[in-house]
Amino acid sequence: YEKEWAYRESPDMFKPHIGIDESGKGDFFGPLVVSGVFVDEKSAEKLFDAGVTDSKSINSSNRIYDLEEFIQTTVHPCYDTVAIGPARYNRLYEKMGNLNKLLAWGHARVLENVLAKSSGCERAVSDQFADKRVVERALMENGQAIKLEQYPRAEKDVAVAAASILARASFLRGLDKLADKAAVENLPKGAGPQVRQAARDIVENLGEDALPEFVKTHFKTTADVLGNKKKNG
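As a convention, each chain's residues are numbered from 1 in the sequence order in which they are written. With pLDDT at 70 or above as the cut-off, local features in this predicted model cover only qualifying residues; side-chain atom pairs require 80 or more to be listed or tallied, and sums for whole chains, interfaces and linings still use all residues. The side-chain figures draw on all heavy atoms in the structure; neither hydrogens nor water molecules are used.

Chemist: Talk me through the nonpolar core; I want residue IDs and the actual numbers.
Modeler: Ranked by size, the top nonpolar core spans 46 residues in total, and within it Phe 29, Val 37, Leu 47, Val 52, Ile 71 and Phe 214 carry the most contacts. Every helix listed is a DSSP run of H or I at least four residues long, and every strand listed is a run of E at least two residues long, numbered separately from the N terminus. Among the elements of the structure, β2 (32-39), α2 (41-49), α3 (61-75), α7 (158-181), α8 (193-206) and α9 (220-232) are those that each provide at least two residues to this core. The element best represented in this core is α7, accounting for 14 residues. Residues contacting Phe 29, with those up to four places away along its chain left out, are Phe 171, Leu 175, Leu 187, Pro 188, Val 195, Ala 198, Ala 199, Ile 202, Phe 214, Val 215 and Lys 216. By convention a nonpolar core is built from buried Ala, Val, Leu, Ile, Met, Phe, Trp, Tyr and Cys residues, the set being connected through side-chain atoms within 4.5 Å. For each residue, the accessible area found with a 1.4 Å probe, counting protein chains only, is set against the maximum for its type, and the residue is called buried under 20%, exposed over 50%, and partly exposed in between. Among the nonpolar cores identified, the runner-up in size contains 30 residues, and Phe 38, Tyr 89, Cys 121 and Val 134 belong to it. Residues count as neighbours in contact if any of their non-hydrogen atoms are within 4.5 Å of one another.

Structure below.
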């Protein structure tokens, strides 16, 4: 019944299109990751039947990794992930001046990479994060003509949900790598008190100059971490 209902409610979900989503946007530590997944009717049905859903509703990282493998196998080779590690993210942010432009750039790169692998795709769906024209401009320069649709809560679309899982898996892996580099057990997600404490520890152990290799420095959290350090010192 569920699939019949989905076909009735969202028939477009089962037509050929690319879904795009990102992970790490609100996390002080770790990369910003954008992923894209192309589906046709057959692969959309497979993903739907496998219970592919918005990564935010999945609490287990093992489940994320299992679904990642399933998605990649199902849609191979029509997917792509662009992970922007903190050091590069900070450079790009400085150059572009705001997060929406940076996100649009990431979405455009991923879209082009997936388009190159999936012939005849005319439509892409993503969450509403920015003026659509910003993404279209980033695309147009490379002559891509694709109909871009943005919706609030686009993760209800199975291709966008699949992209959110690929992006999440890559983000979690990136966070683990950075934890190894910082020689800590793990780096907390989000931007709360634990995150500030972990950042202070990094500054204490590796020095202030090392911070941009781990964090998105335009977050207010940076000033909290470094400001407090100056007060204490």
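Chemist: I'd like to hear about the environment of Gly 85, residue by residue, with values.
Modeler: With respect to the helices and strands, Gly 85 occurs in the loop between β3 (79-84) and α4 (86-96). For Gly 85, a relative accessible area of 29% gives the class partly exposed.

Chemist: Mind laying out the packing of helix α1 (residues 2-9) against α2, listing which residues take part and the relevant values?
Modeler: Axis lines are fitted through C-alpha atoms, for helices just across the contact stretch, and the angle between N-to-C directions can take any value from 0 to 180 degrees. In contact at an axis separation of 11 Å, α1 and α2 are set at 130° when each is read in the N-to-C sense. With respect to α2, the axis of α1 lies oblique. Note on packing geometry: the crossing formed by α1 with α2 is right-handed. Together, Glu 2, Lys 3, Ala 6 and Tyr 7 of α1 and Glu 41, Glu 45, Phe 48 and Asp 49 of α2 make up the contact between the two elements. For this scheme, ten residues count as nonpolar: Ala, Val, Leu, Ile, Met, Phe, Trp, Tyr, Cys and Pro. Four count as charged, namely Asp, Glu, Lys and Arg, and the remainder, Gly too, count as polar. Partitioning the contact of α1 with α2 into residue classes produces three nonpolar, no polar and five charged. By definition in this entry, angles of less than 35 degrees are roughly parallel, angles greater than 145 are roughly antiparallel, angles of 65 to 115 are roughly perpendicular, and the rest are oblique. For any pair of crossing helices, the crossing counts as left-handed if the nearer helix is rotated counterclockwise from the farther one by less than a right angle, and right-handed if it is rotated clockwise.

Chemist: I'd like a description of the packing of aromatic side chains, backed by residues and values.
Modeler: For this analysis, a ring pair means two rings from Phe, Tyr or Trp (six-membered ring only for Trp) whose centres lie within 6.5 Å, classed as stacked if their planes differ by under 30 degrees, edge-to-face if by over 60, and tilted for the remaining angles. Taken as a whole, this structure holds five aromatic pairs when the rule is applied. When the ring of Tyr 7 is compared with that of Phe 14, the centres are 3.9 Å apart and the planes differ by 15°; the resulting orientation is stacked. You can call Tyr 7 partly exposed: its relative accessible area is 25%. Across the ring face of Phe 214, the terminal group of Lys 181 is positioned such that the distance to the ring centre comes to 5.5 Å. By the criterion adopted, a ring carries a charge over it if an Arg CZ or a Lys NZ lies within 6 Å of its centre and within 35 degrees of its normal.

Chemist: Which residues make up the pairing of strand β1 (residues 17-23), and what values go with them?
Modeler: Burial of β1 is extensive: seven of the seven residues sit out of reach of the surface. Here β1 shows two buried faces, one formed by His 17, Gly 19, Asp 21 and Ser 23 and the other by Ile 18, Ile 20 and Glu 22. Two elements, β1 and β2, share seven bridges in a ladder whose sense is antiparallel. Its bridge partner lying in β2, Glu 22 is registered against Val 34. Here, a strand pair is defined by DSSP locating no fewer than two bridges between the strands. In this structure, β1 lies alongside strand β4 (residues 123-127), joined through three bridges in parallel fashion. Across the sheet, the residue bridging to Gly 19 is Val 125, located in β4.

Chemist: So what's going on with unusual backbone geometry? Which residues, and what values?
Modeler: A cis amide bond, omega 0°, links His 76 with the succeeding residue Pro 77. With a phi angle near 55°, Arg 153 is a residue other than glycine that sits in the positive phi range. When you line up the elements, Arg 153 lands in the loop between β5 (147-151) and α7. We note that Ala 183 has phi near 55°; this positive angle belongs to a residue other than glycine. When you line up the elements, Ala 183 lands in the loop between α7 and α8.

Fair warning: the whole summary comes from geometry, so function is off the table for now.
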